[in-house]
Amino acid sequence: MSIFDFRDSEALGSVLSVDTTVVVVRVADIDRLRQLQVNRLAVLESTRPGQHLVGIIQKITRSAAAPRARSEGEIGVGAEEDEAAPELNLVRIALIGTLVDRLGEQRNVFLRTLETVPEIDANCYAVEGERLTNFMRVIASIASDGQRLSLGCYTLDDRAEAFLNGNKFFQRHAVIVGSTGSGKSWTTARMLEQVAALPNANAIVFDIHGEYQTLQADGIRHFRIAGPGDLDQAASLAEGVLYLPYWLLGYEALVTMFVDRSDQNAPNQTMVMQRAVTGAKRAYLERGEHQDILDNFTIDSPVPFDLEEVFGDLNKLNTEMVPGAKQEKQGDYHGKLSRLIARLENKRSDRRLGFLFRPGADTMAFDWLERLVSALLAGSQDQADAKGGLKIIDFSEVPSDILPLIVSLVAKLAFSVQQWTAPGRRHPIALFCDEAHLYIPERAGAGAADDISVGIFERIAKEGRKYGVGLVVISQRPSEVNRTVLSQCNNVVAMRLTNGEDQSVIKRLLPDSLGSFGDLLPILDTGEALVVGDASLLPSRIRIAKPSHTPNSGTIDFWDKWADATPVGAAAEAVSGWRRQTQGAAA
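Scoring rules and cut-offs
Residues numbered from 1 in each chain as written. Predicted model: local features only at pLDDT ≥ 70, side-chain atom pairs only at ≥ 80, totals over all residues. Heavy atoms only, no water. Axes fitted to C-alpha atoms, helices over the stretch in contact; angles between N-to-C directions. Helix = DSSP H or I, 4+ residues; strand = E, 2+ residues; numbered from the N terminus. Parallel < 35°, antiparallel > 145°, perpendicular 65-115°, else oblique. Left-handed = near helix turned anticlockwise from the far one by under 90°. Contact = heavy atoms within 4.5 Å. Nonpolar A, V, L, I, M, F, W, Y, C, P; charged D, E, K, R; others polar. Pairing = 2+ DSSP bridges. Core = buried A, V, L, I, M, F, W, Y, C linked by side-chain atoms within 4.5 Å. Buried < 20%, exposed > 50% of the residue type's maximum accessible area, 1.4 Å probe, protein only. 1 Å grid on protein atoms, 1.4 Å probe; cavity = no way out; pocket = protein on both sides within 12 Å on 5 of 7 lines; lining within 4 Å. Points joined across faces, edges and corners; volume = space filled by probe spheres on them. Phe/Tyr/Trp six-rings, centres within 6.5 Å; stacked < 30°, edge-to-face > 60°.

*Asks:* Mind showing me how you'd approach the packing of helix α8 (residues 307-318) against helix α9 (residues 338-349) here?
*Replies:* Helix-helix packing: each pair is described by the crossing angle between the helix axes and the interaxial distance. Where α8 contacts α9, the axes come no closer than 10 Å and their chain directions differ by 155 degrees. Classified by the interaxial angle, the pair formed by α8 and α9 is roughly antiparallel. The chirality of how α8 crosses α9 is left-handed. Each of Leu307, Glu308, Phe311, Leu314, Asn315 and Asn318 in α8 lies in contact with α9, whose residues at this interface are Ser338, Leu340, Ile341, Leu344, Glu345 and Arg348. Partitioned by chemical class, the residues of the contact of α8 with α9 number six nonpolar, three polar and three charged.

Spelled out as structure tokens, the structure:
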């Protein structure tokens, strides 16, 4: 039996006009008009039996229609006999889908398609009470197909649990946005816990500020980029300390780090750098007798090389004297590589970059990359303990000037591994990009490091689906996130946004028929979200459920702290940590 078993007497009104996906309904009963609310659901009769068209109420208007024009020569008897101006009560509805009473053996199936439009004078009904509850249960029936990603409950009906299609959410990429304090991290944590609970989960979280370290479960494994305090501790991958040696960097990233493009000798330095790195990689492969790789490797191939050999080659060319007609003369590169060598030396001696330039002897082993890839990119069942498929990487100790390079290095590692895996053996992986505006910015005014990072993420956004790489872009400033990447995200989870520019960006991601839906963005409650996209059958307003472990979002209660008379005494510890470049260092 159909859940929309309306009687004609329950009709809200009749269709006055139809324009593709927008319908205007004329309402005669003023009492029924008063009961309507914008962004609630309405149902219209379809031209096909057994089907109902579902829409969202966008606008409600009540106005006086133009008075009837008198015919020529018509004389009014008196003011009391004049006809009162008739009222014109209109409701504009955006059609979003079709409820089919029976599809094969299934009953009450909601489809996000419009095969028909309502006829003029077709009846329209408001969806309220038990019918609303039953319809929301139809929407939530996705739970039965095993793809459920539960967010919370619908604001329309808090008795109906809100689900997303887990396949489509990660296949088509997603964006999670919200102003500070809107519940963005809460929502992300809710998703991460459900991903981690799957038996063969595979995802990486770029945790820029360390706020997801509170999440704990068998399916979650924590890593952190090695900081200055780790260099003398001999901490390793097995202990969750992550080194990303310099030889993993691509050619463009190496040039960005070491070559000052404003230097007049930059072209010479770039060419010499390429030759030196290629030569060092070739020497490594020759020593290891890896002839199969020697025949095909390039400067971008992830092959270890000795940085000292590169230094030696550069110093030799920088001081080289060659035979002249009468006496020795300076070589072609004599003195032209000094700034390059100085930058290399400064980077290598910077303890903050120890994870790049002091990674430990084990990272020079030929099989080390395989161990790194297994730890970071393998699903739960391919881990040694069959746990920890969700990897949270803490980037909080990475200097901000190279953060885009390092985050994009891990992203490129994931994409490259998926690309070079045989299609039938690819295990999909999702990349959760927290604080994405810091490393996927708009190109305008961006530096070379940002350009490299943006290029990598743009490629993942455009091509990742075919290789099994999904993106979840998370930001409090969507207006500062690269537009190309955002345009590839077909699922939007938008929390409260108060900035006009940020609201405009999200509204542009919404379908034209749901443009007014974005007007809710500045008035959403904390923990409430608008969810629109391929993964959601119904464009919805959802109240996000509390995760089991709330993230450490860093929100400090100023007034409460100031009202506490207990001394803090953290100054000495802070100064010591600042000097050691390690948070929480002993005084």
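*Asks:* Would you explain the sheet that holds strand β10 (residues 174-177) in this entry?
*Replies:* What holds strands together in a sheet is hydrogen bonding between their backbones, with the strands either parallel or antiparallel. Spatially, the twelve strands line up as an open sheet ordered β9-β8-β21-β20-β19-β10-β18-β17-β11-β16-β12-β13, and their pairing is mixed. What marks the edges here is a single partner per strand, and that holds for β9 (161-165) and β13 (241-242). Bridge analysis of strand β12 (residues 220-225) against strand β16 (residues 390-394) gives five bridges, and the strand direction is parallel. Paired with His222 across the bridge in β16 is Ile392. Against the sheet, helix α4 (residues 184-196) engages β8 (148-154), β9, β10, β11 (203-207), β12, β16, β17 (429-433), β18 (469-475), β19 (491-494) and β21 (540-544), with an angle of about 140 degrees to β8.

*Asks:* Would you take a moment to explain the nonpolar core for this structure?
*Replies:* What tends to happen in soluble globular proteins is that the nonpolar side chains get buried as a cluster. In terms of nonpolar packing, the biggest core is built from 154 residues, with Phe135, Phe206, Phe355 and Phe395 touching the most fellow members. With ten residues, the single largest contributor to this core is helix α12 (residues 403-419). Discounting residues that sit within four places of it in the chain, Phe135 has contacts with Ile3, Phe4, Leu41, Val54, Leu99, Phe110 and Leu538. Of all hydrophobic cores here, the second largest spans 17 residues; its members include Val15, Leu33, Leu44 and Val91.

*Asks:* Help me understand the layout of surface pockets in this model?
*Replies:* Taking a probe equal in size to a water molecule and rolling it over the atoms shows the remaining empty space. Reported here for the largest pocket is a volume of approximately 1600 Å³. If you go around the largest pocket, you meet 44 residues; those closest to its centre are Pro302, Leu413, Ser416, Val417 and Trp420. Within the residue set of the lining of the largest pocket, elements represented by two or more residues are α5 (251-258), α11 (368-377), α12 and α13 (448-467). Take the lining of the largest pocket: its biggest share by element is ten residues, from α12.

*Asks:* Can you help me understand the packing of aromatic side chains in this one?
*Replies:* Any two aromatic rings considered together are summarised by their centre-to-centre distance and by the angle between their planes. For the structure on display, the rule yields 17 aromatic pairs. Here the aromatic rings of Phe170 and Phe432 are separated by 5.9 Å at their centres, their planes lie at 65 degrees, and the arrangement is edge-to-face. Pair noted here: Phe170 is in helix α3 (residues 166-171) and Phe432 is in strand β17, with a separation of 262 residues, a long-range link. Here the two residues Phe170 and Phe432 agree in accessibility, since each one is buried. Aromatic pair Phe258 and Phe357: ring centres 5.8 Å apart, planes at 50 degrees, arrangement tilted. You can see Phe258 sitting in helix α5 and its partner Phe357 sitting in helix α10 (residues 354-357), a full 99 residues away along the chain. For Phe258, a relative accessible area of 1% translates into the label buried. Taken together, the ring pairs connect Phe4, Phe6, Phe110, Tyr125 and Phe135 into an aromatic cluster.

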